[in-house]
Amino acid sequence: MTSKTQKARFVGLISGLLLVLASLIAIAQKGIVLGQDFTGGYVTVIDLPKQKSQTEMQNKLAELGVQDARISLQNDGSWRVFQTPQSTDETHVKQWIEGLETQWQASVLDASYLGAQVGNELNEQGGLAGIFALLSVLIYLAFRFEWRLAVSASIALFHDVIVTLGLFAITQVEFDLTVLAALLAIIGYSLNDSIVIGDRVRELLFEEQWKNSPVGNTIDQAIKDSMSRTLITSLTTLTTVLAIWWLGGAGLNSFAMALCCGILIGTLSSLAISATLPQFLGLSFNNYLKEESEAAKQQLAEP
């Protein structure tokens, strides 16, 4: 008989798969907007004597021939205009700045070209490092727990990263180095949650009262035992991140946005994906019989 907890886990698993599919579609269709750290470009900070709306600013820049610019209003009321090297050049930047100064009496607070901090070589090395890290985690979990739990935890990691990237593709928020740092934090956070639940599943499978119970019931009990710890950790972390989002300023908005998404999605994936997939992969007490017998032999061999 399927319990309500198992039904909720199954619904969460299906929802997670649908989120991954939607995220992949969004990434393929809209793409991820790489920030200045990855592309380099021209950054112009402009102060206006009279406050203008985002639409008015965009229309005026379009009238001056500015295409594909990323415009954002900063906390001090000035406008930040970012253009990639592919969309403009230094001569064109000077032309539209002069037009804005003449027509709107704008004052330029800063106008500079900033090179990319992340080159192609670092992109490749970072990608290889990420793949190596995931494989290392998979191997560690396979030895520490059982390959079904290891594969499920790794799939949950991929789920968290892809859904977070999908959010940035949908919102078209710039992906910069702070977001990359947030993704790495999400991987560690989600993996830690999955390990706690997986460890509890492993402990219960060794207990006599759960040896003959369906594995679904064992997983449900493991989640119940870990739920208070999971909720307290997630809520306290989320509260801190929301404070950063609210008070940290525009420079940390994308970082806080990525972490908020990652914490919420990571918590759900730990409960619905990492803990549910082993059940479909055939996890049972029999998978630990060999480990238990070897441990017993080692105890008998000790003087």
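Quick note: structure is the one above.
For clarity, every value in this text was computed on a predicted model and none was experimentally measured.

Basis of the calculations
Residues numbered from 1 in each chain as written. Predicted model: local features only at pLDDT ≥ 70, side-chain atom pairs only at ≥ 80, totals over all residues. Heavy atoms only, no water. Helix = DSSP H or I, 4+ residues; strand = E, 2+ residues; numbered from the N terminus. Buried < 20%, exposed > 50% of the residue type's maximum accessible area, 1.4 Å probe, protein only. Contact = heavy atoms within 4.5 Å. Areas by Shrake-Rupley, 256 points an atom, 1.4 Å probe, with all protein chains shown as cover. Lys, Arg positive; Asp, Glu negative; His and termini not counted. Charge placed at Lys NZ, Arg CZ, Asp CG, Glu CD. Core = buried A, V, L, I, M, F, W, Y, C linked by side-chain atoms within 4.5 Å. Salt bridge = Lys/Arg side-chain N within 4 Å of Asp/Glu carboxyl O. Phe/Tyr/Trp six-rings, centres within 6.5 Å; stacked < 30°, edge-to-face > 60°. Lys NZ or Arg CZ within 6 Å of the ring centre and 35° of its normal. Pairing = 2+ DSSP bridges. Axes fitted to C-alpha atoms, helices over the stretch in contact; angles between N-to-C directions. Disulfide = S-S within 2.5 Å. Expected span 1.5 Å × (residues − 1). Arc of directions from axis to C-beta.

A. Here's a closer look at the overall build of the protein. Looking only at helices and strands, one finds 11 helices and four strands in the protein. Structurally, the protein occupies a C-alpha span of about 90 × 40 × 35 Å along its principal axes. Counting over 303 residues, the protein shows a buried share of 40%. Counting only contacts in the protein whose residues sit at least 6 apart along the sequence, the fraction spanning at least 24 positions is 79%. For the protein, the exposed surface amounts to about 16,400 Å²; the carbon and sulfur share of it is 62%. The protein carries 19 positive and 28 negative side-chain charges, and their two centres are separated by 10 Å.

B. The arrangement of the nonpolar core in detail. By size, the foremost hydrophobic cluster in this structure holds 20 residues, and its most contacted members are Leu 141, Ile 197, Val 201, Ile 219, Ile 223 and Leu 283. Going through the elements one at a time, helix 5 (120-144), helix 6 (147-171), helix 7 (177-205) and helix 8 (215-247) are the ones with two or more residues in this core. Looking at this core, the element that brings in the most residues is helix 7, giving five residues. Membership of the second largest hydrophobic core comes to 18 residues, among which are Val 179, Leu 183, Tyr 189 and Ala 256.

C. Quick peek at the pattern of salt bridges. On inspection of all chains with the given rule, the structure shows seven salt bridges. A salt bridge links Arg 70 to Glu 174; its shortest N-O distance comes to 3.5 Å. Of this pair, Arg 70 sits in strand 2 (residues 70-73) while Glu 174 sits in the loop between helix 6 and helix 7; the two residues are 104 residues apart in sequence, bridging distant segments of the chain. Overlapping salt bridges, with partners in common, bring together Arg 200, Glu 203 and Asp 225 in one network.

D. Spotlight on the side chain of Thr 164. With respect to the secondary-structure elements, Thr 164 resides in helix 6. If we skip the residues at most four places from it in the chain, Thr 164 touches Leu 183, Ile 186, Ala 258, Cys 261 and Gly 262.

E. How the structure looks around the packing of aromatic side chains. Per the counting criterion, the structure on display carries four aromatic pairs. Consider the rings of Phe 38 and Phe 175, whose centres lie 5.7 Å apart with planes at 45 degrees: the pair is tilted. In this pair, Phe 38 is assigned in helix 2 (residues 36-39) and Phe 175 in the loop between helix 6 and helix 7, connecting sequence segments 137 residues apart. By relative accessible area, Phe 38 is classed as buried at 16%. Overall, Phe 175 belongs to the buried group, its relative accessible area being 8%. Three or more aromatic residues link up through ring pairs in this structure, and these residues are Phe 38, Phe 168 and Phe 175. Here the guanidinium or amino end of Lys 52 rests over the ring plane of Trp 104, the centre of that ring lying 4.8 Å away.

F. Looking closely at the sheet that holds strand 1 (residues 41-47). Strand order in the open sheet made by the four strands is 2-3-1-4, with antiparallel pairing throughout. Since the sheet does not close on itself, it has two edges, and those belong to strand 2 and strand 4 (107-114), each with one partner. Direction aside, neighbouring strands of the sheet carry axes that sit 15 degrees apart on average. Strand direction decides the pairing type here: strand 1 and strand 4, joined by seven bridges, are antiparallel. Bridging across to strand 4, Ile 46 finds its partner in Val 108.

G. Focus on the environment of Trp 147. Position of Trp 147 relative to the elements: it lies in helix 6. Trp 147 sits in the partly exposed class, given a relative accessible area of 42%. Note: C-alpha distance between Trp 147 and Pro 278 (131 residues apart in sequence) is 9.0 Å. Look past the residues within four positions of Trp 147 in its chain and what remains in contact with it is Ala 142 and Leu 281.

H. Spotlight on the state of the cysteines. Applying the stated criterion across every chain yields a total of zero disulfides. Counting only cysteine sulfurs, Cys 261 is the nearest neighbor of Cys 260, a cysteine outside any disulfide, at a range of 8.8 Å. Overall, the relative accessible area of 7% leaves Cys 260 in the buried class.

I. Geometry of helix 4 (residues 90-104). Compared with the 21 Å implied by 1.5 Å per residue over 15 residues, the 21 Å span of helix 4 between its first and last C-alpha is a close match. For helix 4, every residue scored as buried is listed here: Val 93, Trp 96, Ile 97, Gly 99, Leu 100 and Trp 104. Along the axis of helix 4, the buried positions cluster into a sector of 160 degrees, meaning they face one direction only. Pointing more than 90 degrees away from the buried face of helix 4 are the exposed residues Thr 91 and Thr 102.

J. Geometry of the environment of Gln 67. Residue position: Gln 67 is located in the loop between helix 3 (54-63) and strand 2. Here Gln 67 falls in the partly exposed class, since its relative accessible area comes to 47%. Measuring from C-alpha to C-alpha, the distance between Gln 67 and Thr 88 comes to 8.2 Å, with 21 residues separating the pair along the chain.

Geometric descriptors of this kind do not, in isolation, establish any biological role.
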